Amino acid sequence: MLAKKENEMRALALKLYEINAFKFGDFKMKVGINSPVYFDLRVIVSFPEVMDQVSNLISDYVRENNLQCKHVCGVPYTALPIATIVSVRENIPMLVRRKEAKSYGTKKLIEGLYNAGDTCLIVEDVVTSGSSVLDTVKDLQKEGIVVNDAVVVVDREQGGHANIGKHSVRMHSLFTLSYLLNVLKEAGKIQQETVDSVAKYISGCQINSDGSFVDGPKKVVNEFARTKMTFESRSNLAKSEVAKDLFNLMASKKTNLCLAADLTDCEKILNVADVCGPYICILKTHIDIVENFNEDFVKNLVTLSKKHNFLIMEDRKFADIGNTVSMQYSQGLFKIAQWADLVTAHSISGQGILQGLKAGLVDAPKKRGVFLLGEMSSTGNLINEQYKEATTKLATNNADVDFVAGIVCQSADCFAFPGLLQLTPGVKIDESGDKLGQQYQSPEFIVQEKGADIAVVGRGILEAKCIEKAAVLYRDRLWAAYSDRVAK
Ligand code: 5BU
C-alpha cells in the first residue's frame, strides 16, 4: 500500500516536471532576488488527470491524517479548483476568499455559509514564505473562523512551514522541494550539480513571512543564469529533443554559428553547405527564394548535413492557423517537415501554431523543433514588450513546449529558461546595415551583451571573397565570445 502511494507520488512528481509546472532557470521572485527553480501550478488546469491526482492526494491526506474541518478554502487563484474538487469529493462545504472585497452589494470577503467558530482547512499550491496562506488565514479569522491546518502541494522549504506555524496553523505538504529534486535526479532528468546548486540557493535564502530574509539579505548565487551556463549543462534542461541534440552538437563541434544560405540556386547552396559545413551548427534556408527547387536538392542537403554534422533550419516564419500551418509544413512543393530539422514561426496565432506543426508530423514522426519569433532585427518592426512576453510564455508554458527548441530574439532579457536556445540574426563584423532595414551588431556584442547562443550570419559570409575563411573567422569569434561569457 505504502509502496503504491510512493510510486504514485513519484509518477506525479515527474509528470509535474514534464508539463512544466516547475522548471529550472533564472526567475524573478516577489522577494527581489532571482531563484533557480520556479513553480507554476497554474498549468495543471490544462491536464485533468493531474488535477485529479493532486486533488486525490490532498483528499487522502486529509482523511488519513484525520484533519478535522467544517470547511475547505483554497488560496486564490491557483488552489481554487483543487479545493473545489476536494470539497466535492470529501463532501466538505467550501468557502471562497475574495482577493478584493466587492465594491457593491454585501462587500463580503468570504463567500459561503459559515458560523463564527467553524473550522476551515486551507489548500494552497506552492508555499515559499507562507505569506499568501497567512493572508487567507487572517481574512478567515476576521470572520471568527478557526484555521488549524493548511495542506499545500509543494513546500519550497524557504521558511513557509515555520512562518505559518508561528500563527498556530500546521502546514502539511504533499511534496517538498528536496523530494522533487531527488525524484528527478533518480529518474535521470537532472544532474547532481542541479540538485546541489538549488540546495545551496535555498539554504542561503530563507524568508520571513513579511518578505525579509531570515539572516538579512545575502549574496545568493543563482547558478542557473542562462548566459552563464555551458551548452552541455543546458542540454540536460531542454524539453525539446532537437534542442538537446543541438546543445551537444554545438559543444562537441565548438561552433555557435548559423549560416543563412540566402541564395537562389540549388547548386550554390549545396556548395556553400559543403564548404562551410565543418564550421557551422545550423544551415538556415529560405526555400521559397530557390529558383530550381527539386527533391534531389533537399536529399543532397540532408546528406551534407550528416557529413558535416549540422542541422537544417527552414526560416519559413509560419504565421497562420494550425490547420493551414500543418499543410504548409508537411505538404506542397517543399514538404518542409521531410528535411528541415528546425523551422521558425511567428507566435502570433498562439498555441495553434505549435499544434499545427506537430500535426504536420503525424504521418512522419521525426525529431523536429521550432524557434518562435520573439523579436526581430529590422528597424521599425512592430513587435512590442507585451508580444515578446507572450511569446516567451508560449515557448515555456503550455502542453507543446517539447516542440520549442528556442526563441529568435535580440536580447538576453527575452527569456530566462536555460533549456531554450537564443538564436539571433543581424550579425556582421562590418556593422553598417543594409538599405532595407537590416541592423547589424558585432559577433562579440551579440553573444556577450545580447545573450545570443547562436548567431545567424548571411551576407557577412556569403559576400566575402573566400566564404570558407569568412566562416572560420565568424566561427572563431563567436565561439571565443561564448567561451569568455561562460568563463566569467
Ligand atoms: P544577413 O545577410 O546576415 O542579414 O541575413 C540574416 C538572415 O536572418 C536572413 O535570412 C533573414 O531572413 C533572417 N532574419 C533576420 O535577419 N532578422 C530577423 O529578425 C529574423 C530573421 Br526573425
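To be clear, the structure that these remarks concern was listed above.
Below you will find a few notes about this structure. Everything numeric here is computed off the predicted structure, so don't read it as measured data. (Residues numbered from 1 in each chain as written. Predicted model: local features only at pLDDT ≥ 70, side-chain atom pairs only at ≥ 80, totals over all residues. Heavy atoms only, no water.)

### Considering the environment of A273
Right, on to step 1. Residue position: A273 is located in helix 10 (residues 266-276).
Right, on to step 2. Residues A273 and L259, spaced 14 residues apart in sequence, show a C-alpha to C-alpha distance of 8.7 Å.
Right, on to step 3. Setting aside residues no more than four positions away along its own chain, A273 makes contact with L283, L301, L304, H308 and F310. (Helix = DSSP H or I, 4+ residues; strand = E, 2+ residues; numbered from the N terminus. Contact = heavy atoms within 4.5 Å.)

### Description of the site of the ligand
Right, on to step 1. Of all residues adjacent to the ligand, which total 17 residues, the nearest are D262, K284, S377, Y440 and R459.
Right, on to step 2. Within the contact set of the ligand, an oxygen atom lies 2.7 Å away from a side-chain nitrogen or oxygen of K284.
Right, on to step 3. Here an oxygen atom of the ligand and a side-chain polar atom of H286 are 2.8 Å apart.
Right, on to step 4. When the ligand sits alone it has 500 Å² of accessible area, and the protein chains cover 90% of it.
Right, on to step 5. The set of elements that each furnish at least two residues to the shell around the ligand consists of strand 11 (311-318) and strand 16 (454-457).
Right, on to step 6. Here the residues of the shell around the ligand are counted per class, giving eight nonpolar, four polar and five charged. (Near = heavy atom within 4 Å. Polar contact = N/O pair within 3.5 Å; in protein donor to acceptor, adjacent residues only side chain to side chain. Areas by Shrake-Rupley, 256 points an atom, 1.4 Å probe, with all protein chains shown as cover. Nonpolar A, V, L, I, M, F, W, Y, C, P; charged D, E, K, R; others polar.)

### Some points on the packing of helix 6 (residues 177-186) against helix 7 (residues 192-203)
Right, on to step 1. At their nearest, the axes of helix 6 and helix 7 sit 10 Å apart, and the two run at 170° to each other. Compared by their axis directions, helix 6 and helix 7 come out roughly antiparallel. In contact with L177, L181 and K185 of helix 6, helix 7 contributes Q192, V195, V198 and I202.
Right, on to step 2. Looking at side-chain class alone, the contact of helix 6 with helix 7 contains five nonpolar, one polar and one charged residues. (Axes fitted to C-alpha atoms, helices over the stretch in contact; angles between N-to-C directions. Parallel < 35°, antiparallel > 145°, perpendicular 65-115°, else oblique.)

### As for the side chain of E90
Right, on to step 1. Structurally, E90 can be placed in helix 3 (residues 79-90).
Right, on to step 2. Polar side-chain contacts of E90 include one of 3.4 Å to the side chain of S59.

### Points about the sheet that holds strand 6 (residues 119-127)
Right, on to step 1. Strand order across the open sheet formed by six strands is 5-4-3-6-7-8, with mixed pairing between neighbours. Since the sheet does not close on itself, it has two edges, and those belong to strand 5 (110-111) and strand 8 (170-176), each with one partner.
Right, on to step 2. Pairing geometry for strand 7 (residues 146-155) and strand 8, over six bridges, is parallel. Of the residues in strand 8, the one forming a bridge with D155 is T176. (Pairing = 2+ DSSP bridges.)

### Notes on the pattern of salt bridges
Right, on to step 1. Summed over the entire model, instances satisfying the criterion amount to 32 salt bridges.
Right, on to step 2. One salt bridge in this structure joins R89 and D52, with 2.7 Å as the shortest N-O distance. In this pair, R89 sits in helix 3 while D52 sits in helix 2 (residues 48-64), placing the two residues 37 residues apart along the sequence.
Right, on to step 3. For D52, a relative accessible area of 34% gives the class partly exposed.
Right, on to step 4. Between K388 and D413 there is a salt bridge whose closest N-O contact spans 3.5 Å. Taken together, the residues K388 in helix 15 (residues 385-396) and D413 in the loop between strand 14 (404-408) and strand 15 (421-424) connect sequence positions 25 residues apart.
Right, on to step 5. What you see here is one network of salt bridges that share partners, running through K5, D60, R63, E64 and E90. (Salt bridge = Lys/Arg side-chain N within 4 Å of Asp/Glu carboxyl O. Buried < 20%, exposed > 50% of the residue type's maximum accessible area, 1.4 Å probe, protein only.)

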